[in-house]
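Working through the structure, step by step
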Amino acid sequence: MGRVYNFSAGPAVLPEEVLKEAAEEMMDYRGCGMSVMEMSHRSKTYQTIIDEAEADLRELIGIPDNYKVLFLQGGASQQFAMIPMNLMKNKVADYIVTGQWAKKAWQEASKYGKANKIASSEDKTFSYIPDCSDLPVSEDADYVYICENNTIYGTKFKTLPDTKGKTLVADVSSCFLSEPVDITKYGVMYGGVQKNIGPAGVVIDIIREDLITEDVLPGTPTMLQYKTHSDAGSLYNTPPAYGIYICGKVFKWLKKMGGLAAVKELNEKKAAILYDYLDESRLFKGTVRREDRSLMNVPFITGSEELDAKFVKEAKEAGLESLKGHRSVGGMRASIYNAMPVAGVEKLVEFMKKFEAENV
Ligand SMILES: Cc1ncc(COP(=O)(O)O)c(C=O)c1O
């Protein structure tokens, strides 16, 4: 069987070019006689791999010297605890709850201090981004937290909240490197890489240097202190070495595509193909308020659970995989990350049109 178009929300599609290169290097990485999977993380060869990955990421985003880049483990979910443990100096933080992941982060932070929910869109199944232009930001908040792209619900912050001078912390797991960003607006930007960048097992944190201190909550384990990993260049212990190597290849692929501005243009083109069709379809409907639509995750429904199930099944038979929506939204969800080719989205829409003609 050949490769399918994989619309999974994560782990997700990776660039074929990257997978092929990794396959070529599997048995013998550039004359080393071994795979990167088998290589000491203390070797000179591996040091070059991780250094190049960091340098390419810095170039792609335009990360200034006063920000550290950390390659960590534990998934994005571990950051839900690491963030309060490391940043809650006053034991107060404000959370904007725009979906399940933001909610989990907020609940986790509540274990460590006063985590205030200062805005939410739960009243309408997280189908929109609340107005964040004049929030009741707490005087003594250590940071304001957002989940910038909500994977399950398909919403995205198009403008960042006004944090009234407080440090912004953002989970960008499902929009990482999908468009240019001004990193100086963030104190911490982090994400699991298994959606837009690489294999599961790596989390990337980009943190402003002054936020990395020894002044953490009492009892914070060594492994959960940003300073531990920052001081050791992400090599305090054995890192997710193979995953970082693949991330590095994806960074090079993105550079070759022309960088994040070019990537954004392509992502907008792909999303428009799908959203334009959803807006005119007599069968399928998008579930998100138009101005808050994500470029990466596109949920849609037919209004009939039976038809939704039939669609997912027939789409799979046509080589369009993992289109079933999250159980809290129902229906379908197409995740169209950076590595999804335009042809994949075109094929999906073509299939949707055919399904509409047969079922309306
Ligand atoms: C936005 C967002 N944050 C956090 C997570 C949790 O990531 P992990 O499974 O790496 O802990 C996900 C996962 O799917 C996600 O989409």
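That block above? That's the structure.
Presented here is a report on the structure given in the accompanying data block. (Residues numbered from 1 in each chain as written. Predicted model: local features only at pLDDT ≥ 70, side-chain atom pairs only at ≥ 80, totals over all residues. Heavy atoms only, no water.)

The subject of this paragraph is the site of the ligand. Contacts to the ligand come from Gly75, Ala76, Ser77, Phe80, Trp101, Cys147, Asn149, Thr151, Asp171, Ser173, Gln194 and Lys195. Here Ser77 contributes a side-chain N or O atom positioned 2.6 Å from an oxygen atom of the ligand. A distance of 2.9 Å separates an oxygen atom of the ligand from a polar side-chain atom of Gln194. Calculation on the ligand without its partners gives an accessible area of 390 Å², and the protein chains cover 84% of this total. In terms of residue count, helix 3 (residues 75–87) provides more of the shell around the ligand than any other element does, 4 residues in total. (Near = heavy atom within 4 Å. Polar contact = N/O pair within 3.5 Å; in protein donor to acceptor, adjacent residues only side chain to side chain. Areas by Shrake-Rupley, 256 points an atom, 1.4 Å probe, with all protein chains shown as cover. Helix = DSSP H or I, 4+ residues; strand = E, 2+ residues; numbered from the N terminus.)

Inspection of every chain in the model, using the stated rule, returns 13 aromatic pairs. Geometrically, the ring pair formed by Phe311 and Phe351 is tilted, given 5.5 Å between the ring centres and 55° between the ring planes. Here Phe351 lies in helix 9 (residues 342–359) and Phe311 lies in helix 8 (residues 305–317), a separation of 40 residues in the sequence. Side by side, Phe311 and Phe351 carry an identical accessibility label, which is buried. Here the guanidinium or amino end of Lys124 rests over the ring plane of Tyr128, the centre of that ring lying 5.7 Å away. (Phe/Tyr/Trp six-rings, centres within 6.5 Å; stacked < 30°, edge-to-face > 60°. Buried < 20%, exposed > 50% of the residue type's maximum accessible area, 1.4 Å probe, protein only. Lys NZ or Arg CZ within 6 Å of the ring centre and 35° of its normal.)

This part takes up the layout of surface pockets. One number sums up the size of the largest pocket: a volume of about 350 Å³. Forming the boundary of the largest pocket are 19 residues, of which Glu21, Arg30, Glu52, Lys249 and Lys252 lie nearest the centre. The element contributing the most residues to the lining of the largest pocket is helix 6 (residues 241–256), with 7 residues. Considering only residue class, the lining of the largest pocket consists of 8 nonpolar, 3 polar and 8 charged. Here the second largest pocket defines a volume of roughly 300 Å³. Looking at the second largest pocket, it is lined by 20 residues, and the ones nearest its centre are Glu148, Lys156, Phe157, Lys158 and Glu179. Within the lining of the second largest pocket, the residues separate by chemical class into 8 nonpolar, 4 polar and 8 charged. (1 Å grid on protein atoms, 1.4 Å probe; cavity = no way out; pocket = protein on both sides within 12 Å on 5 of 7 lines; lining within 4 Å. Points joined across faces, edges and corners; volume = space filled by probe spheres on them. Nonpolar A, V, L, I, M, F, W, Y, C, P; charged D, E, K, R; others polar.)

Attention shifts here to empty space enclosed by the protein. By rolling a water-sized probe across the atoms, one finds the places where empty space is left. Using the criterion set out here, one finds 2 cavities of 30 Å³ or more in the structure. Forming the boundary of the largest cavity are Ile61, Glu148, Lys156, Val172, Cys175, Phe176, Leu177, Ser178, Glu179, Val181, Met189 and Leu260. If you add up the space inside the second largest cavity, you get close to 50 Å³. Surrounding the second largest cavity, Phe71, Leu72, Gln73, Met223, His229, Ser234, Asn237, Thr238, Pro239 and Pro240 form its lining. The residue inventory of the lining of the second largest cavity, partitioned by class, reads 5 nonpolar, 5 polar and no charged.

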